[in-house]
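So the chains spell out like this:
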There are 2 protein chains.
Amino acid sequence: MIDRLPHTLRSDALDNRERILDAARALFSADGLGVPMREIARCAGVGPATLYRHFPTKQVLATEAFADQLRACRTIVDQGCADPDPWRGLCLVIEKICELHARDRGLGEAFLTAFPGAPDVAGREYTVKAVAGLAQRAKDAGHLRSDFVLDDLILILMANKGIHSRSTDTQVTASRRFAGLAIQALKASPQHAPLPPAARLVSTPS
Amino acid sequence: MIDRLPHTLRSDALDNRERILDAARALFSADGLGVPMREIARCAGVGPATLYRHFPTKQVLATEAFADQLRACRTIVDQGCADPDPWRGLCLVIEKICELHARDRGLGEAFLTAFPGAPDVAGREYTVKAVAGLAQRAKDAGHLRSDFVLDDLILILMANKGIHSRSTDTQVTASRRFAGLAIQALKASPQHAPLPPAARLVSTPS
DNA sequence: ACGCTAACGGACGCCCCCGTCCGTTTGGCT
DNA sequence: AGCCAAACGGACGGGGGCGTCCGTTAGCGT
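In this report, the structure presented in the accompanying data block is examined. (Residues numbered from 1 in each chain as written. Chains lettered and ligands numbered in written order. Predicted model: local features only at pLDDT ≥ 70, side-chain atom pairs only at ≥ 80, totals over all residues. Heavy atoms only, no water.)

1. A few points about the pattern of salt bridges
Side-chain pairs of opposite charge can arise whenever the charged atoms involved come near each other.
Residues and elements named next belong to chain A.
Part 1 of the reasoning: Tallied over the entire structure, the rule returns 28 salt bridges over all chains.
Part 2 of the reasoning: Across the pair Arg25 and Glu18 runs a salt bridge, and its minimum N-O distance is 3.8 Å.
Part 3 of the reasoning: Relative accessible area serves as the criterion here: at 24%, Arg25 is assigned to the partly exposed category.
Part 4 of the reasoning: As a salt-bridge pair, Arg145 and Asp147 come within 2.8 Å of each other at their nearest N and O atoms.
Part 5 of the reasoning: The network of salt bridges with shared partners includes Glu18, Asp22 and Arg25. (Salt bridge = Lys/Arg side-chain N within 4 Å of Asp/Glu carboxyl O. Buried < 20%, exposed > 50% of the residue type's maximum accessible area, 1.4 Å probe, protein only.)

Structure representation (structure tokens):
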């Protein structure tokens, strides 16, 4: 059971909560979601019980820890959508999101494997729709290849997640180059051959 | 210590060895290298001790289990190199290798994460050199973008590994589409902007 | 048919992670 | 200053994977 009535945490409890979130952010970013809960606790200087009291499950902890990053994702998408040139906006989205995922290992995992059955993280549906609109405009403008489907973006993000490297720097460099290649692949071109059929990677909500 | 002198296995031992390899192939393919050794043993109908006696380490087991697949990789590369049109050959290599990795989850893991410190698996160096030659020819022919580097191929394979899906079919479909996009990205084009710098993903042997 | 030894596999001890309980500490209010 | 409950954290039991030991089984050569 979780504490119910107080709703006002004691100062030390609040402090611990914050230190736990910091530790979680750091460790998730560096090592992914695989890190043991106790490691996070140790790193935050608290006992395991305290950690579990604040965040009964890793899922909850991760959701809270990544709240900022997910907001950042939404901001990026909004920026892209705001760009008067939809193609440039789409490129920006791809580049920025890839970089974000490259810098934060846990984010990519949380974002895509998405904790199978995670609740709608930070308005995913809204974001998806926004990107879909952006893509349509880029298509209409003749910059985005006409056989593009939204699943291709998921495909690219999943693929980006597959790029792992020892150092974060290498990771980011590689991810940037990958984004460049991806953009080239998506660019409308008179010479391109038809693509193999797309796969349904995510169930598009009705 | 490993058995030394006999060099000729008893019939039942040989039989078990084969069943273990079969089980390993099946499980590695379906679930990746993460499967517990005991699971492989159970699936092969032998005790853990027997498994360990035949293959003292998971590394050894995987190497043996993937011998065929790695040979297949080399064959694909050889086929690609044999094609009179180097660009078509390179495309074939990309498509086939991506598909192979999509069908066999363990292979991708073994191939790239490459058991950090694994011995030269099935003549990796030779294969790498062959592909490098193929790429150079494709570049000279003006079909492959001139700023391509070999690390881009690694990048693509790593990225392909990042594509996961519940069903193998979806996985393969997605991987095929990804390969198509990758090829489009690598195609020489008058309109393409310069790419971000490449990352050193593998230490190229001298 | 018989024995010898290669080969087997159940069982063990080790370690790591998980989630929880309960005795102890300490912040905050009077 | 003193109380009390909120908050803490060490310690526990459970589960799972790993690699190994040793008593038992069964191929194979005579």
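Okay, back to it.
2. Some details on the relation of the copies chain A and chain B
Part 1 of the reasoning: Once chain A is rotated about the relating axis by 180 degrees and shifted along it by 0.0 Å, it coincides with chain B to within an RMSD of 0.1 Å. The transformation relating the two chain copies, once decomposed into turn and shift, fits a two-fold axis. (Least-squares fit on C-alpha atoms with pLDDT ≥ 70 in both.)

3. Details of the environment of Glu99 of chain B
Residue and element names in this part refer to chain B.
Part 1 of the reasoning: Tracing the backbone through its elements, the reader meets Glu99 in helix H6 (residues 86–103).
Part 2 of the reasoning: A sequence separation of 85 residues divides Glu99 from Leu14, and the C-alpha atoms of the two residues are 32 Å apart.
Part 3 of the reasoning: Here Glu99 is in contact with Val172, Ser175 and Arg176, once residues within four sequence places are set aside. (Helix = DSSP H or I, 4+ residues; strand = E, 2+ residues; numbered from the N terminus. Contact = heavy atoms within 4.5 Å.)

4. Notes on the side chain of His192 of chain A
Part 1 of the reasoning: For His192 of chain A, the position within the fold is in the segment after helix H10 (168–186).
Part 2 of the reasoning: When neighbours within four sequence positions are excluded, His192 of chain A is seen to be in contact with Arg145 and Lys187 of chain A together with Gln184 and Lys187 of chain B.

5. What to know about the packing of helix H9 (residues 150–161) of chain B against helix H10 (residues 168–186) of chain B
All names here are of chain B.
Part 1 of the reasoning: At their nearest, the axes of H9 and H10 sit 11 Å apart, and the two run at 155 degrees to each other. Put simply, H9 runs roughly antiparallel to H10. The two elements H9 and H10 cross, and the hand of that crossing is right-handed. In contact with Ile156, Ala159 and Asn160 of H9, H10 contributes Ser175, Phe178, Ala182 and Leu186.
Part 2 of the reasoning: Residue composition of the contact of H9 with H10, by class: five nonpolar, two polar and no charged. (Axes fitted to C-alpha atoms, helices over the stretch in contact; angles between N-to-C directions. Parallel < 35°, antiparallel > 145°, perpendicular 65-115°, else oblique. Left-handed = near helix turned anticlockwise from the far one by under 90°. Nonpolar A, V, L, I, M, F, W, Y, C, P; charged D, E, K, R; others polar.)

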